Structure formats: structure tokens, C-alpha cells
Amino acid sequence: MTSDGTNTGAQAGRTSLWRDIRDAVRGAEHDYTQGAIGRAIFLLAVPMVLEMSMESVFAVVDAFFVGRLGPAAVATIGLTESLMVVIYTVAMGLSIGVTATVARRIGEKDTDGAARAAVQGLLLGLLLSVILGVAGAVFARDLLALMGADADVLRIGTGFTRVSLACNSAVFLLFLINAAFRGAGDAAVAMRVLMVGNAINIVLDPLLIFGVGPFPELGIEGAAWATVIGRTVGFLWALWHLSTGEGNLHVHRRHVRVEPGTMLHIATLSGWGTVQVALSSMSWIALVRITSGFGATAVAGYTIAIRILLFALMPAYGVGAAAATMVGQALGADNPARAEQAVWVAARINMVVLGLTGVLFWFTAPTLVGWFSDVGAVRDVGVTGLQIMSLGFPLYALGMVLEQSFNGAGDTRTPSWMNFVVFWVLQLPLAWYMSQHTALAWRGVYIAVVGAYTALAVISAFFFRRGGWKTKQV
């Protein structure tokens, strides 16, 4: 204690915390293969959590402004997002391979190899996005109709869907370049890229939708162009950063060439990563189908509860992404013990934070769900569902860190099989049985979600402790 009663230890702790926060957001140079593991995870997790949060802002902003155009416009957003799930799934799967490969090369101090991996990932993403984009541009109206769009939605929404699908390269390339930055440990760059993209989208959305000033009034299609422009500018800014030599990842002209071997290696890793993401995302769609048997009220409540859940999981996903980077770089540095220790440190942090979030959600569920709906029956379903799922938050946190750690090690096959077993062999049959053949009704769906994520945590911990991921070659 000082003469005025101040606790100098506490002051030093606060100073250290603020310094770490500043360094994390600023992207201070750091070697993640050495030094204190807790601080390394903190420096990675802070910008990654903010980045994940920024990703969700695009859809929220579009929905906010488009909501003023009427129900048909809102329906267009929802139906197009369902189609974009295919784009997101492939992009996220490819991102897993890029992050793992770049992280491993950085850990090996092979900066040339990291740059080459980043370029091959971007070229592969460009090729896939062009193929999907052409198909989306040609069949936009047919795909929208296939999703159940009525005449009004087809009339005003086809343009939005066509722009979103045709210009999906903006999504693909931004996902991939940020994945490369995360793998390299330059998480703050990825965060700032999305901040730039979101800022542009927020400004352009009302200007292009409503035709403010010299801007054309494009209606709902303006929202698509605002998002495409925002993501494209963000990607170009990130591309410029790659060429400046700042941070751990630097691409020179000599790296920009097609390397079939490297591309095939990333594609192989990413193929299982895509399967992994698809199994998870499609299981949520299947749960909607089971819930729909109880009517529109149950579906509306389910939708609200799941959206709140997924928003809450964003920070937890950021911590898991930090663990993945730590694993990849530590294995590259031939230090599997550090990789394993980093995962358990990240898991403990994630379990505490998400566990406290679960307690908060249990008590505030009526308020949270009330923000989305004032219909009593819908709120009852949403509140009950959110409270049931919040019971499993600590286990969700553990499973997310462990699963992403496998990906960071380049072992994308193991979590793919785990997702198949947990979500399709266990969760869906359990949700169907409990909802259809017990008095739980729609509540059985939420209980199945908790059961599945509990199983995922247990199975992930079992295979992680076996240590096969430590010998994976990337």
C-alpha cells in the first residue's frame, strides 16, 4: 500500500490490462510461439472477438434499413441469406485450410511459405467464387422461387438476390484474406478490415436504398450493392496491407503465381473443413423443420432464441479462433506441449466467460426476447428455449475451443466426423423423438441442442487428449 492507501499491485494490474488491450487492438508485433500463453491468447482473442462481432453487423444493418420497404423486402433478405449459406459454408471451410497452413508456416518461421499459402488460398477462392457467381447470376430468380418466394418477393427481390450471389467474390475473398491474417497472428488487421467494410456499408445502405442526394434510388437492390462495395473496399485495403510488409504476413510479386501442389493441399484441408461447417449449419435448418410442426409461433420463438444464442457465441468463437492460431504456430515451432497448454488455457477462459453469459441470459431472457417480439406466445417459446440452451453454455465454450484447435492443427477430418455423429446421429433423432413422442413438445428441440453440445465437448476432449492432432503434417 502507498501512503495514500492506494494498492500499487492493483494499479499495476490495471495498467497492464489496459496496455494489453491497447496492444491487442493496435496489433502490436508479438511472437506467439514464445512467452506467456495467457497474454498471447488475450492479444489474439480481443481483435478476433471484435472481428466476429463485425461480421454479424452487415446483416443487422441491411435488415434495419430494408425493414422500411415492407414485408416482401424483409422476406427477400431472409430467403437470400438462406441461399448465401452455401457461399458462407464453402468460404468458411476454405478459410479453415488457409488459417491452418499460414499458422503452421509462421510457426516454422517460413514467411515465404506463409505468403505463398495465402496467395494460393485467395486464387482458389477466386476460382470457386466466380463459378458460383455465374450460376447465381443466371439462376437467381429460379433459386429464389425454389426457396418459396411469392410473386411480390420475386418482383422486388430478384435484383437483390442476383447481385448478392453474382458478387459473392466480395464475401469469399474477404473471408480468406482475414483467415490468412488470423493464421499469421495479425488478428488486429482482420478486425480493422471489417470495421472499414461495415462503416462503408452503414453509410451507403440508406443512400442507395432510398436515393439520398445524388445517389440513385435502388430500393432493396441498393442494400446488396452497399454490402458488396463495403466488403470489396475492405478486401482491397487488406490486399494493400499484405503488400506493405507490416505485420507477420507479406506478399511479394514473386509469390503471386499458381502453385497447383499448394493449392491442392489447401483444398484437401478445406474440403473436410467445408463438410464440417455444412454439417453444423444444416443441422440448424433441420431443427427448424422439426419445430415447424408446432406452428408459426414456435418457429418465430425458435428463430429469436437461436439468433440471440448465435450472437452470444460470437465472442466464444473468437477465443476458439485464437486457440487455433496458437496451436498452428506452436506446432510449426515444434512445440506441441505449448500448443496443448494454450488450448486448455483458452478453454478455461471461454468456459468462464460464456458460463457467466449463460447465467445472465437465464435471468434476462424475457427482456432479450422482448426486444424482438411483443407477441406473448412467441415470447414464451423464445424465453423458454433461450433459458434451456443457456444451461449448456460452459460446455458450448469447451467444445468450440477444442474443435477449432483440431482445425488449427490441420486435422479437419476429426471435427467433421464429430459433427456428423453429434448433430446428425444424436441431436436430430433426439430432437425429433422428444418433440414428437413426449410431453416436452417443442421444448424437446432445445433440450436436444444442450445434449448435443454436451456430447461434442466430451467427445472432443477425449480425442484431443489422445493427441493424434500433434502429429498432423500441414
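Please read these numbers as outputs of a predicted model, since none were measured by experiment.

Novice: Would you explain the packing of helix α3 (residues 71–107) against helix α4 (residues 111–146) in this entry?
Specialist: A packed helix pair is summarised by two numbers, namely the angle formed by the two axes and the spacing between the axes. At a minimum axis distance of 10 Å, the contact between α3 and α4 shows a crossing angle of 170 degrees. Classified by the angle between their axes, α3 and α4 sit roughly antiparallel to one another. Contacts between α3 and α4 involve L79, T80, L83, I87, V90, L94, V98, T101, V102, R105 and I106 from the first element and G113, A114, A117, A118, G121, L124, G125, L128, L132, L143 and L144 from the second. Of the residues contributing to the contact of α3 with α4, the split by class is 16 nonpolar, five polar and one charged.

Novice: What exactly am I supposed to notice about the packing of α4 against helix α9 (residues 260–292) here?
Specialist: It is the contact of α4 with α9, at a shortest axis distance of 9 Å, that shows an interaxial angle of 70 degrees. The orientation of α4 with respect to α9, classified from their angle, is roughly perpendicular. Contacts between α4 and α9 involve R116, A117, Q120, G121, L123 and L124 from the first element and T262, M263, I266 and A267 from the second. Its residues assigned to classes, the contact of α4 with α9 shows six nonpolar, three polar and one charged.

Novice: Hey, could you run me through the packing of aromatic side chains in this one?
Specialist: Remark: the centre distance and the inter-plane angle together describe each pair of aromatic rings, the angle taken between the planes. Here the structure, examined in full by the defined rule, presents 13 aromatic pairs. For the pair Y88 and F175, a centre-to-centre distance of 6.0 Å together with 25 degrees between the ring planes defines the contact as stacked. Of this pair, Y88 sits in helix α3 while F175 is found in helix α6 (residues 169–184), placing the two residues 87 residues apart along the sequence. Each member of the pair Y88 and F175 is classed as buried. Three or more aromatic residues link up through ring pairs in this structure, and these residues are W284, F361, F393, Y396, F423 and Y453. Sitting over the face of the ring of W442, R443 holds its NZ or CZ atom 4.4 Å from the ring centroid.

Novice: Explanation requested: unusual backbone geometry in the structure shown.
Specialist: Even without being a glycine, D334 presents a positive backbone phi close to 60 degrees. With a phi angle near 55 degrees, A441 is a residue other than glycine that sits in the positive phi range. Mapped onto the elements of the fold, A441 is located in the loop between α14 (413–437) and α15 (443–466). Judged by its relative accessible area of 19%, A441 is buried.

Novice: Help me out: how do you make sense of a nonpolar patch on the surface in this one?
Specialist: Taken together, the side chains of L126, V130, V134, V138 and F139 define a hydrophobic patch exposed on the protein surface, amounting to about 440 Å² of accessible area. Relative to the helices and strands, F139 is located in helix α4. Its relative accessible area of 45% is what places F139 among the partly exposed residues.

Novice: Looking at this model, I keep getting lost on the side chain of S129. Mind explaining?
Specialist: Inspection of the secondary structure puts S129 in helix α4. S129 sits in the buried class, given a relative accessible area of 0%. Side-chain polar atoms of S129 contact the backbone oxygen of L126, separated by 2.9 Å. The contact partners of S129, leaving out residues within four places of it in the chain, are N168, S169 and F172.

Conventions we followed
- Residues numbered from 1 in each chain as written.
- Predicted model: local features only at pLDDT ≥ 70, side-chain atom pairs only at ≥ 80, totals over all residues.
- Heavy atoms only, no water.
- Axes fitted to C-alpha atoms, helices over the stretch in contact; angles between N-to-C directions.
- Helix = DSSP H or I, 4+ residues; strand = E, 2+ residues; numbered from the N terminus.
- Parallel < 35°, antiparallel > 145°, perpendicular 65-115°, else oblique.
- Contact = heavy atoms within 4.5 Å.
- Nonpolar A, V, L, I, M, F, W, Y, C, P; charged D, E, K, R; others polar.
- Phe/Tyr/Trp six-rings, centres within 6.5 Å; stacked < 30°, edge-to-face > 60°.
- Buried < 20%, exposed > 50% of the residue type's maximum accessible area, 1.4 Å probe, protein only.
- Lys NZ or Arg CZ within 6 Å of the ring centre and 35° of its normal.
- Patch = residues over 30% accessible without salt bridge, like charges linked within 9 Å, V, L, I, M, F, W, Y side chains within 5 Å.
- Areas by Shrake-Rupley, 256 points an atom, 1.4 Å probe, with all protein chains shown as cover.
- Salt bridge = Lys/Arg side-chain N within 4 Å of Asp/Glu carboxyl O.
- Polar contact = N/O pair within 3.5 Å; in protein donor to acceptor, adjacent residues only side chain to side chain.

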